[in-house]
Amino acid sequence: QVHLVESGGGLVQAGGSLRLSCAASGSIVSINNMGWYRQAPGKQRESVATIASGGRTNYAGFVKGRFTISRDNTKTTVYLQMNSLKAEDTAVYYCAADTYASTYWGQGTQVTVSS
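Being a predicted model, the structure only gives us computed values, none of them experimental. (Residues numbered from 1 in each chain as written. Predicted model: local features only at pLDDT ≥ 70, side-chain atom pairs only at ≥ 80, totals over all residues. Heavy atoms only, no water.)

Trainee: An account of the overall build of the protein chain is requested, with residue identities and associated values reported.
Mentor: When its secondary structure is counted, the protein chain shows 0 helices and 11 strands. The order of α-helices and β-strands along the protein chain, N terminus first, is β-β-β-β-β-β-β-β-β-β-β. Rg of the C-alpha trace for the protein chain: 13 Å, near the compact-globule value of 13 Å for 115 residues, within the 12% margin. Dimensions of the protein chain along its principal axes, counting C-alpha atoms only, are 40 × 25 × 20 Å. Taken across its 115 residues, the protein chain has 42% of its residues classed as buried. Of the contacts formed within the protein chain by residues at least 6 apart in sequence, a portion of 52% connects residues at least 24 apart. (Helix = DSSP H or I, 4+ residues; strand = E, 2+ residues; numbered from the N terminus. Rg over C-alpha atoms; globule rule 2.2 N^0.38 Å. Buried < 20%, exposed > 50% of the residue type's maximum accessible area, 1.4 Å probe, protein only. Contact = heavy atoms within 4.5 Å.)

Trainee: If you had to explain the state of the cysteines to someone new, which residues and values would you point to?
Mentor: Summed over all chains, the structure comprises 1 disulfide. Here Cys22 pairs with Cys95 through a disulfide, and the sulfurs are 2.0 Å apart. Residues Cys22 and Cys95 share a disulfide whose torsion about the S-S bond is about -80°; that sign makes it left-handed. Residue Cys22 is located in strand S3 (residues 18-26), and its partner Cys95 is located in strand S9 (residues 91-98); the two are separated by 73 residues in the primary sequence. Overall, Cys22 belongs to the buried group, its relative accessible area being 0%. Using a relative accessible area of 0% as the deciding quantity, one classes Cys95 as buried. (Disulfide = S-S within 2.5 Å.)

Trainee: So what's going on with the pairing of strand S1 (residues 2-7)? Residues and values would help.
Mentor: Every second residue of S1 is oriented toward a common face, the buried set being Val2, Leu4 and Glu6 and the non-buried set His3, Val5 and Ser7. Sheet topology places S1 next to S3; 6 bridges connect them, and they run antiparallel. Across the sheet, residue Leu4 finds its bridge partner in S3, namely Ala24. (Pairing = 2+ DSSP bridges.)

Trainee: Explain unusual backbone geometry to me, and be specific about the residues and the numbers.
Mentor: Excluding glycine, residues mostly have negative phi values, and the peptide bonds linking residues are mostly trans. Backbone geometry places Ser84, a non-glycine residue, at a positive phi of 50°. Secondary-structure assignment places Ser84 in the loop between strand S8 (77-82) and S9.

Now the structure itself:
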């Protein structure tokens, strides 16, 4: 079992920045990839950015260099630095961790960008 706790969401004006954190606990040695996803009201959950165990990163097209995913040296905390935020970035942001057996999700953190 892997337990994920996100933090760092909030209200920010368009053009501002936020940094999300996701702390993993439990069977962390079994984690392969981690990532950030988001779900806006009335829309499906979508991938924002992922980071593999080896450090390779992948971003959604709408990120366009605005967001950066990173991980601490212990590989137990993943960050999402979000710059130049837009109103359309408003959503609940979820952290996810993949193991060989399952995918685990955090409870989500709300990001609201006012225009």
